[in-house]
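Listed below, chain by chain, are the residues.
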Amino acid sequence: MKRLNHTWRQIAGVVAIALLGGLVSASAYYLLMQLAADERIRWETDAVFSRAEGIAASNIAVFERLNQSQHPACSDPDLHELRQIAHDTMYLADVGRIINDKLACTALWGILDSPPLLPQADAVGRAHGSSLWWNKVGLVPLEEPVNLAALGTSIVVISPWIFQNYENLEPGIGFVIEDRARTRVQREIGDTDGLAGEAAETSAWYLPNRARHVRLCSDGYDVCVVGRFRMPNPVLADPLGFAATGLAGVLGGGLLGLTLLFLLYKQLPMRQQLSKVIREDRLVVVYQPIVSLDDGTLRGAEALVRLVDVDGQWISPQRFIAAAENLGLIGLISRSVARRSLRDMRDYLRHDDFYLSINLSVPDFLDPEFLPFIEAEAGAHGIDRHRIALELTERQTADHDVLAEALAKYRSAGFQILIDDFGTGYSSLAYLQELPITGIKIDKMFVQGLGESTIGCEVVKQVLALASALDVELICEGVETETQAVLLRSMQPGLSAQGWLYSKAVEAHVFRERFATAATIRPDPGPGA
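These numbers come from a predicted model, not from an experiment.

Residue-level account of the overall build of the chain, with values.
When helices and strands are tallied, the chain shows 17 helices and 20 strands. A burial count over the chain gives 49% of its 529 residues as buried. With an accessible surface of roughly 25,200 Å², the chain has 54% of that area assigned to carbon and sulfur atoms.

Shown next, in the form of structure tokens:
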């Protein structure tokens, strides 16, 4: 009997240890998922916060310029100054003047025939005393709801599209832009159900909670952003992985160690995953044609990079490019893309009517070894350097004089220089005049607003005028409909375009099968064509 009792005690002990191992393994799996979720929502929230703080800073700077004006309100000189300020300033859709509590004139619409009476402000800015209105329709001649701010006799209209890049979020991700005291909500983005009333602070990494929060507040402005990521239930999201973890804990020792190592690898934060897949060169280069809007002839192609993760899934460029810059790996990507694209497109690039556009980062332009590299690659394939266009994203910033000096070296070497995603960053006419650029690529956000929004047409016209003043080429990105193409052709001849109307980005062999040099490109009929 004693022997039997001892045996049962041993079995009970083994079972208890096995269950404890399973519990520890399952807890470790959940904690790793939680850490990955914390890092992700912190990245996403930081991006929204930077934009919100930039809007606040821009508004104050604009008010200082507007209220220093010596011209009578709404006079011709005053309207000219308003238009110059609106043109130079990021984030704003319009600026105007207030006379007798009415919106009397704006940069975009001039003197209003029936000036609307401004309603009572929704809030007053604590730091600078500006009057604030949220989501108003009818105060300015726009169909979209807009936010406005006024100080003294000046008023600014914040662009309704300023957070458009953050609207199409994955389920479970949401942001609330609010004041520091949580008394008013300026904007909600994504899945914000109940978020405004949660009074959430940044989640502690060690406290289990599937709703992960980050709250960031500005030191200089009364603006905060709360981000939330609702983690999926680990049992439902990955039942096999969760069961395998528990089983590994029950089986103990070596199997537990191997399984936890696998799960740790699976749940690595994005930065570490990207570090591995970039170093393993899991890059795919695809090409989107650039065509003449006048007659549809092929003018060139843009090389675009895609990345495949350890599971064989595509990673969005918006995510991995930023991560690669933080990791210091962007130079490896740029070199790989340049090397492959010049090899893939060399037959096209030997024709005088074709050029290849390659995206580079500011660190690439400033890297003293990159210019000799790209020169050597072009020479190895017998490609004239003026057939290679190097794109600089407008949102990227650097010391202006240092960047201008670096770009001048590339221009002297014969390369073209393009400003990419124009309209989403900080460039003004004065800024661009000092850069040795050969072309501007207007961001698809504005092109896709053609025919749908009056302000979209006005922005495109302003950029056309800017390109004409600088005597540079203009390429319109994101052309998806024939209506957009017709409107662009009617605004100005000689434009170039790229977008899904003509073709999505395709791999090199598909590009060669579909497009012959100097061929006329017809609108893409879609899959199966």
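Continuing now.
Talk me through the nonpolar core; I want residue IDs and the actual numbers.
Nonpolar side chains tend toward joint burial in soluble globular proteins. With 77 residues, the main nonpolar core has Ile-440 and Phe-511 as its most contacted residues. The element that contributes the greatest number of residues to this core is helix H15 (residues 454-470), accounting for seven residues. Apart from residues lying up to four places away in sequence, Ile-440 is in contact with Ile-419, Phe-422, Leu-432, Val-463, Leu-466, Ala-467, Leu-470, Val-472, Glu-473, Leu-474 and Ile-475.

Can you tell me about the sheet that holds strand E5 (residues 131-136), naming the residues and giving the values?
As a general point, the strands of a sheet are linked pairwise by backbone hydrogen bonds and lie either parallel or antiparallel. One open sheet holds the seven strands; their spatial order is E3-E2-E1-E7-E6-E5-E4, and the pairing between them is antiparallel. Unpaired on one side and paired on the other, strand E3 (110-111) and strand E4 (123-124) mark the two borders of the sheet. Helix H2 (residues 76-88) contacts strand E1 (92-99), strand E2 (102-106) and E3 of the sheet and is inclined by roughly 150° relative to E1.

Give a description of the pattern of salt bridges that names residues and reports values.
Under the criterion given, the structure shown has 18 salt bridges. Asp-38 serves as the salt-bridge partner of Arg-212, at 2.6 Å between the closest nitrogen and oxygen. You can see Arg-212 sitting in strand E10 (residues 211-217) and its partner Asp-38 sitting in helix H1 (residues 2-66), a full 174 residues away along the chain. Shared partners join several salt bridges into a network, and the residues in it are Glu-178, Arg-182, Glu-201 and Arg-215.

Run through the state of the cysteines, naming residues and quoting values.
Within this structure, the stated rule accounts for two disulfides. Disulfide partner of Cys-74: Cys-105, at an S-S distance of 2.0 Å. As the torsion about the S-S bond is roughly -90°, the Cys-74-Cys-105 disulfide counts as left-handed. Of the two residues, Cys-74 is situated in the loop between H1 and H2 and Cys-105 in strand E2; the sequence distance between them amounts to 31 residues. Take Cys-74 and Cys-105: they sit in the same class, and that class is buried. Linked covalently through their sulfurs, Cys-217 and Cys-224 form a disulfide whose S-S length is 2.0 Å. The S-S bond linking Cys-217 to Cys-224 shows a torsion near 115°; that makes this disulfide right-handed. When the bonded cysteines of the chain are numbered from the N-terminus onward, they pair as 1-2, 3-4.

I'd like to hear about the packing of helix H8 (residues 330-344) against helix H11 (residues 370-380), residue by residue, with values.
One way to put it is that H8 packs onto H11 with a least axis distance of 10 Å and a crossing angle of 15°. It follows that H8 is roughly parallel to H11 by the angle criterion. At the point where H8 passes H11, the crossing takes the right-handed sense. Of the residues in H11, those in contact with Ser-334, Arg-335, Ala-338, Arg-339 and Leu-342 of H8 are Phe-370, Phe-373, Ile-374, Glu-377 and Ala-378. Of the residues contributing to the contact of H8 with H11, the split by class is six nonpolar, one polar and three charged.

For the environment of Ala-61, give the residues involved together with the corresponding values.
Checked against the element boundaries, Ala-61 lands in helix H1. As a C-alpha pair, Ala-61 and Thr-89 span 28 residues in sequence and 9.4 Å in three-dimensional space.

Could you give an account of unusual backbone geometry, with specific residues and numbers?
We note that Asp-101 has phi near 65°; this positive angle belongs to a residue other than glycine. One can find Asp-101 in the loop between E1 and E2. The exposure class of Asp-101 is exposed, given its relative accessible area of 54%. For Arg-182, which is not glycine, the phi dihedral falls at a positive 65°. Mapping Arg-182 onto the fold places it in the loop between strand E8 (173-178) and strand E9 (185-190). For Arg-182, a relative accessible area of 26% translates into the label partly exposed.

Help me get a handle on the pairing of strand E7 (residues 154-158), residues and values and all.
Of all five residues in E7, five are buried, a share of seventy percent or more. Burial along E7 is two-sided: Ser-154, Val-156 and Ile-158 facing one way and Ile-155 and Val-157 facing the other are all buried. In this structure, E1 lies alongside E7, joined through five bridges in antiparallel fashion. Residue pairing in the sheet places Arg-97 in a bridge with Ser-154 of E7.

Can you lay out the sheet that holds strand E11 (residues 224-230) for me, pointing to particular residues and giving the numbers?
Spatially, E9-E8-E11-E10 is the arrangement adopted by the four strands of the open sheet, whose pairing is antiparallel. Edge positions in the sheet fall to E9 and E10, since each of these pairs with one other strand and no more. For this sheet, the mean inter-axis angle between neighbouring strands, taken without regard to orientation, is 15°. The pairing of E10 with E11 spans seven bridges and is antiparallel. Bridge pairing links His-213 to Arg-228 in E11.

Definitions and cut-offs
Residues numbered from 1 in each chain as written. Predicted model: local features only at pLDDT ≥ 70, side-chain atom pairs only at ≥ 80, totals over all residues. Heavy atoms only, no water. Helix = DSSP H or I, 4+ residues; strand = E, 2+ residues; numbered from the N terminus. Buried < 20%, exposed > 50% of the residue type's maximum accessible area, 1.4 Å probe, protein only. Areas by Shrake-Rupley, 256 points an atom, 1.4 Å probe, with all protein chains shown as cover. Core = buried A, V, L, I, M, F, W, Y, C linked by side-chain atoms within 4.5 Å. Contact = heavy atoms within 4.5 Å. Pairing = 2+ DSSP bridges. Axes fitted to C-alpha atoms, helices over the stretch in contact; angles between N-to-C directions. Salt bridge = Lys/Arg side-chain N within 4 Å of Asp/Glu carboxyl O. Disulfide = S-S within 2.5 Å. Parallel < 35°, antiparallel > 145°, perpendicular 65-115°, else oblique. Left-handed = near helix turned anticlockwise from the far one by under 90°. Nonpolar A, V, L, I, M, F, W, Y, C, P; charged D, E, K, R; others polar.

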